[in-house]
Amino acid sequence: MSLAALALLAAVPLLTSDNYVLGILITAICYAIWAGSWDLLSGLTGRENFGHSLFIGAGAYAAAYLNTAYGIDLGWGIVVAPLVSGTLGALIGLPTLRLQGPYFALATLVASAIAHTLCLLLWRVTGGEEGLSGILPMAGSQSDYYYLVLTIGFVSIAAMKLFALSDAGLVLRAIGSDEAICRAAAIDVDAYKITTFAFSAAFAGLGGALFAGYQLTAAPDLLSSGLSITIVVMAYVGGMGTIYGPAVAALFLALIVEYLRGFGEYRLLVYGLILLVVVRLTRHGFVDPFWRWLKGRLA
């Protein structure tokens, strides 16, 4: 399925040269990276991160600042962004991942709110409400950048899926099922969670840098709690703990939101109704059950 989806997406620039269509798909792929990276920690361990936008924004601003302030090519910014976001994830994870119950979710939500406020206060560095604009494009055309984002997005989601299927992923699922038993079995639970949080944040920052490279700006909206909640909803709709489920759901939902613009002021209402129907019919996400049904039909 993944190769077929990749081939279909790769064929889009051959079928149309409309930059608007390619721009929508670039945005959708970035959302897929963000949703998959959120699922890497929260889907496997059950520790819900409500501040994922913090790492998305950190990656976007890191790449944008290097380019606008120092003229460093955006390609290097895309390399640096995951390092910045991953380090930030580890630093935030050290004190917060020990929190129990809903307090981890609240702590991450507060962290992203603080980052958003600081972004506005430090306007001389961040550009304030206008953000950092004037990023120099790294690709000669929209289609070239689309292929770059598609390639990085596919490799990123595949890498996260392999991590989830590895022994480390199995341990993380065990931690999510019963953390006390894992500690009793002498498993370094904190190290696993902090490392995974760092990986999750790094991929989020990578997606943020790619998105900034398409928009040619890094805006405070990328640090907003609204973006975090949107990603959480996408992950739930796709099916938590599968990586590809949230990624595919994010891809489709991002496309749906864009094409619902024709409904005008009723767009969000229609989108909300679609989400309600999907969640009601498939309480554990629609991607994995659909894939199992499809395989059964083709077998």
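Residues numbered from 1 in each chain as written. Predicted model: local features only at pLDDT ≥ 70, side-chain atom pairs only at ≥ 80, totals over all residues. Heavy atoms only, no water.

Participant: What am I meant to see in the packing of aromatic side chains here?
Facilitator: Note on aromatic pairs: each is described by the distance of the centres and the angle between the planes. Applying the stated criterion across every chain, the model contains 8 aromatic pairs. Taking the centre distance of 5.0 Å and the plane angle of 65° together, the rings of Y31 and W34 count as edge-to-face. Here Y31 and its partner W34 are both found in helix α3 (residues 19–45), 3 residues apart, which amounts to about one turn of the helix. According to the relative accessible area criterion, Y31 is buried, its value standing at 18%. Here W34 falls in the buried class, since its relative accessible area comes to 1%. With 5.7 Å between their ring centres and 85° between their planes, F163 and F199 make a pair best called edge-to-face. With F163 in helix α8 (residues 142–165) and F199 in helix α11 (residues 189–215), the pair connects residues that are 36 residues apart, well separated along the chain. For F199, a relative accessible area of 38% puts it in the partly exposed group. (Phe/Tyr/Trp six-rings, centres within 6.5 Å; stacked < 30°, edge-to-face > 60°. Helix = DSSP H or I, 4+ residues; strand = E, 2+ residues; numbered from the N terminus. Buried < 20%, exposed > 50% of the residue type's maximum accessible area, 1.4 Å probe, protein only.)

Participant: I'm lost on the packing of α8 against helix α9 (residues 167–177) in this one. Help?
Facilitator: Helix-helix packing is characterised by the crossing angle of the two axes and by the distance between the axes. The geometry of α8 relative to α9 is characterised by a closest axis approach of 4 Å and an angle of 65° between their N-to-C directions. By the criterion of interaxial angle, the relationship of α8 to α9 is roughly perpendicular. Contacts from F163, A164 and L165 of α8 reach α9 at D167, A168, G169, L170, L172 and R173. Within the contact of α8 with α9, the residues separate by chemical class into 6 nonpolar, 1 polar and 2 charged. (Axes fitted to C-alpha atoms, helices over the stretch in contact; angles between N-to-C directions. Parallel < 35°, antiparallel > 145°, perpendicular 65-115°, else oblique. Contact = heavy atoms within 4.5 Å. Nonpolar A, V, L, I, M, F, W, Y, C, P; charged D, E, K, R; others polar.)

Participant: Any chance you could explain the environment of W34 here in plain terms?
Facilitator: For the pair W34 and L150, spaced 116 residues apart in sequence, the C-alpha separation works out to 14 Å. Once you skip the residues sitting within four places of it in the chain, W34 turns out to touch H52, I56, A204, G207, G208, F211, L222, L227 and I231. Within the structure, W34 has its side chain in polar contact with the backbone oxygen of A204 (distance 3.4 Å). (Polar contact = N/O pair within 3.5 Å; in protein donor to acceptor, adjacent residues only side chain to side chain.)

Participant: Teacher, can you tell me more about a nonpolar patch on the surface here?
Facilitator: Together, Y65, Y70, I72, W76, V79, V110, I114, L118, L121, L122 and V125 line one region of the surface with nonpolar side chains, adding up to about 1100 Å² of accessible area. With 4 residues, the single largest contributor to the nonpolar patch is helix α6 (residues 103–121). With respect to the helices and strands, L121 occurs in helix α6. (Patch = residues over 30% accessible without salt bridge, like charges linked within 9 Å, V, L, I, M, F, W, Y side chains within 5 Å. Areas by Shrake-Rupley, 256 points an atom, 1.4 Å probe, with all protein chains shown as cover. Salt bridge = Lys/Arg side-chain N within 4 Å of Asp/Glu carboxyl O.)

Participant: I would appreciate a short explanation of the packing of α3 against α11 in the present structure.
Facilitator: One can describe the packing of α3 onto α11 by two numbers: an axis separation of 8 Å at closest approach and a directional angle of 170°. Comparing the axis directions of α3 and α11 gives the class roughly antiparallel. Contacts between α3 and α11 involve G23, I26, T27, C30, I33, W34, S37, W38, L40 and L41 on the former and, on the latter, K193, T196, F197, F199, S200, F203, A204, G207, G208, L210, F211 and Y214.

Participant: I keep staring at the nonpolar core and nothing clicks. Help me out?
Facilitator: Side chains of a nonpolar character, in soluble globular proteins, are inclined to be buried together. By size, the foremost hydrophobic cluster in this structure holds 82 residues, and its most contacted members are W34, Y146 and L210. It is α3 that contributes the most residues to this core, 16 residues altogether. Setting aside residues up to four positions removed in sequence, L210 forms contacts with C30, I33, I78, Y145, V149 and I152. (Core = buried A, V, L, I, M, F, W, Y, C linked by side-chain atoms within 4.5 Å.)

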